[in-house]
Amino acid sequence: MKKISQHGQWSSRLAFILAATGSAVGLGNIWKFPYITGENGGGAFVLVYLLCIFAIGIPIMMAEIMIGRRGRQSPINTMRDLAKEVGASGAWKWLGWLGVIAGFLILSYYSVIAGWAMAYVVRVGSGVFEGATADGVSNIFGQFVADPEKLLAWHSLFMVITMLVVARGVKGLERAVKFLMPALLVLLVLLVGYAIDQGAFKEAVSFLFSADFSKITSDGILIAMGHAFFTLSLGMGAIMVYGSYLPSNVSIGSTAVIIALADTAVALLAGLAIFPIVFANGLEPGSGPGLIFQTLPIAFGHMAYGSFFGTLFFILLVFAAWSSSISLIEPAVAWLVENKKMSRMRACIWSGLVTWIVGIGTVLSFNITSNIKIFDKTFFDVLDYLTANIMLPLAGLCIALFAGWVMTKESAEEELDFKQLYLFKTWLFLVKFVSPVAVVIVFLKAINVI
Ligand code: PFF
């Protein structure tokens with residue numbers, strides 16, 4: 001018996017690829033990947049991250065899409081119903097809840113950082129960075145994040161535009177993403193061109209791609225794995241809920257590979273655009289979340305038509321963040337509509353409000369409460385660490401176990417519909433054994449048990 005989703009369906013395979021790529025490509029690729037690579041020593045970190053994308057991320061992405069399409073509801077209801085179908089415990093619905101909570105928490109800080117990108121559209125556009133030095137650019141950033149009112153205003157604006165799109169359904173975004181994603185790619189390539197020409201390109205390439213394993217700690221390995229989940233939007237129900245709107249005739253395997261490759265390409269390009277500028281200007285690769293806001297304006301400040309390209313770049317970054325944000329909240333909204341019989345609009349107002357309030361904690365953690373630390377981490381750091389490095393991999397582990405051990409082999413095989421049997425067998429082996437064992441090993445290593 002084939003189910004249909006009450007929320008509608010993507011118009012085509014391409015629409016799904018764009019939406020899922022829109023979800024995957026976001027601040028994680030352009031803002032987070034470079035700074036965590038910088039903080040964790042470069043090449044070895046990148047290698048672990050790539051390994052995690054291919055051995056853990058892609059198979060779990062296929063599993064999430066497959067589960068979503070089989071259940072055709074919000075992740076919470078999908079998990080409950082699919083578990084019941086095979087006589088397993090309805091408690092699997094808690095896995096859906098874990099995702100919904102992670103989504104709220106991630107969006108709460110994601111929106112604050114997207115707000116920075118919006119603020120930089122205006123800053124770069126106004127020409128303040130023209131001819132600026134590295135010190136000047138860092139000062140402007142420092143003054144900006146020290147001002148809670150500004151951060152709050154931008155955070156609020158970003159939340160409003162996110163919820164507006166979610167309230168109207170995903171159709172509008174489908175159209176926008178079609179142009180914006182290719183445009184972002186073109187601009188990134190242009191920036192890499194600038195970096196090759198003007199930056200310390202060789203140094204950057206060797207930083208990113210020559211693996212020195214003495215530079216990576218077990219916590220670094222956990223961060224690399226967590227980032228693989230974060231960047232592919234896995235372990236959160238986002239891809240699952242998008243999968244629930246996927247037409248039945250679309251092949252899941254090749255689609256997931258395309259999404260993951262596009263996402264990885266954007267992250268690597270961002271690294272190649274940013275690190276040459278970091279090294280050419282004597283900046284610190286490990287300077288943290290402000291990294292792109294302290295490096296790219298230098299490039300824009302010195303290249304021809306820099307203010308124009310800079311403005312365009314930050315506009316595209318905002319769009320990339322926007323298309324990710326809507327997927328962060330979609331599982332919660334779908335559940336409110338299904339279970340609480342709310343209209344989409346009401347569901348958006350409630351979930352947006354809760355997220356906005358939690359976001360205030362992140363706003364303050366960059367200024368007024370920056371001294372308040374738990375385990376040496378600010379509120380923002382705690383949220384980021386907890387969601388990306390613990391909640392997403394844990395949920396991803398459970399999704400792999402569910403797909404590999406709880407669902408029947410026949411239903412997984414039917415839904416995935418691989419053209420060759422060996423592909424299905426490889427996938428099954430990866431989700432049954434490789435992904436779960438790898439996640440558990442990385443967890444145990446990070447808490448020093450092994
Ligand atoms: N993948 C997004 C990024 O890299 O910016 C972030 C994200 C979106 C994480 C959706 C999780 C998610 F469900």
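See above for the structure.
The text that follows walks through the structure, step by step, so that each part is easy to find. (Residues numbered from 1 in each chain as written. Predicted model: local features only at pLDDT ≥ 70, side-chain atom pairs only at ≥ 80, totals over all residues. Heavy atoms only, no water.)

## Comments concerning the environment of Gly237
Looking at the element boundaries, Gly237 is found in the loop between helix H10 (218-231) and helix H11 (238-243). Spatially, the C-alpha atoms of Gly237 and Glu330 are 8.7 Å apart, while their sequence positions differ by 93 residues. Among all residues touching Gly237, those that are not within four sequence positions of it are Glu64, Pro75 and Pro331. (Helix = DSSP H or I, 4+ residues; strand = E, 2+ residues; numbered from the N terminus. Contact = heavy atoms within 4.5 Å.)

## Details of the side chain of Thr311
Of note, Thr311 is situated in helix H14 (residues 306-339). The exposure class of Thr311 is buried, given its relative accessible area of 17%. In terms of polar contacts, Thr311 uses its side chain to reach the backbone amide nitrogen of Gly125, at 3.5 Å. The residues touching Thr311, leaving out its near neighbours within four places in the chain, are Val121, Val124 and Gly125. (Buried < 20%, exposed > 50% of the residue type's maximum accessible area, 1.4 Å probe, protein only. Polar contact = N/O pair within 3.5 Å; in protein donor to acceptor, adjacent residues only side chain to side chain.)

## Regarding the site of the ligand
Close contacts around the ligand come from 15 residues, with Ala24, Gly28, Tyr110, Phe230 and Ser233 the closest. Backbone polar atom of Leu27 to an oxygen atom of the ligand: 3.1 Å apart, as the coordinates give it. Across the complex, the protein chains shield 100% of the 340 Å² of accessible surface that the ligand would expose by itself. Taken together, the elements giving at least two residues each to the shell around the ligand come down to helix H1 (13-24), helix H2 (27-39), H10 and H14. Partitioning the shell around the ligand into residue classes produces seven nonpolar, eight polar and no charged. (Near = heavy atom within 4 Å. Areas by Shrake-Rupley, 256 points an atom, 1.4 Å probe, with all protein chains shown as cover. Nonpolar A, V, L, I, M, F, W, Y, C, P; charged D, E, K, R; others polar.)

## Focus: the packing of H10 against helix H18 (residues 421-446)
For any two helices packed against each other, the geometry comes down to the angle between their axes and how far apart the axes lie. The interhelical angle for the contact between H10 and H18, taken along N-to-C directions, is 140°, at an axis separation of 8 Å. Taken together, H10 and H18 sit at an angle that is classed as oblique. The two elements H10 and H18 meet at a crossing, and its hand is left-handed. On H18, the residues touching Ser218, Ile221, Leu222, Met225 and Phe229 of H10 are Val439, Val442, Phe443, Lys445 and Ala446. Split into classes, the residues belonging to the contact of H10 with H18 amount to eight nonpolar, one polar and one charged. (Axes fitted to C-alpha atoms, helices over the stretch in contact; angles between N-to-C directions. Parallel < 35°, antiparallel > 145°, perpendicular 65-115°, else oblique. Left-handed = near helix turned anticlockwise from the far one by under 90°.)

## Thoughts on the pattern of salt bridges
Oppositely charged side chains may form a pair once their charged atoms are brought near each other. Across all of its chains, the model carries seven salt bridges by this definition. Measuring nitrogen to oxygen at the nearest pair gives 2.7 Å for the salt bridge that ties Glu415 to Arg70. Here Glu415, found in helix H17 (residues 409-416), pairs with Arg70, found in helix H3 (residues 43-71); they are 345 residues apart in sequence, far enough to count as distant. Each of the two residues, Glu415 as well as Arg70, counts as buried. Shared partners join several salt bridges into a network, and the residues in it are Arg69, Arg70, Glu414 and Glu415. (Salt bridge = Lys/Arg side-chain N within 4 Å of Asp/Glu carboxyl O.)

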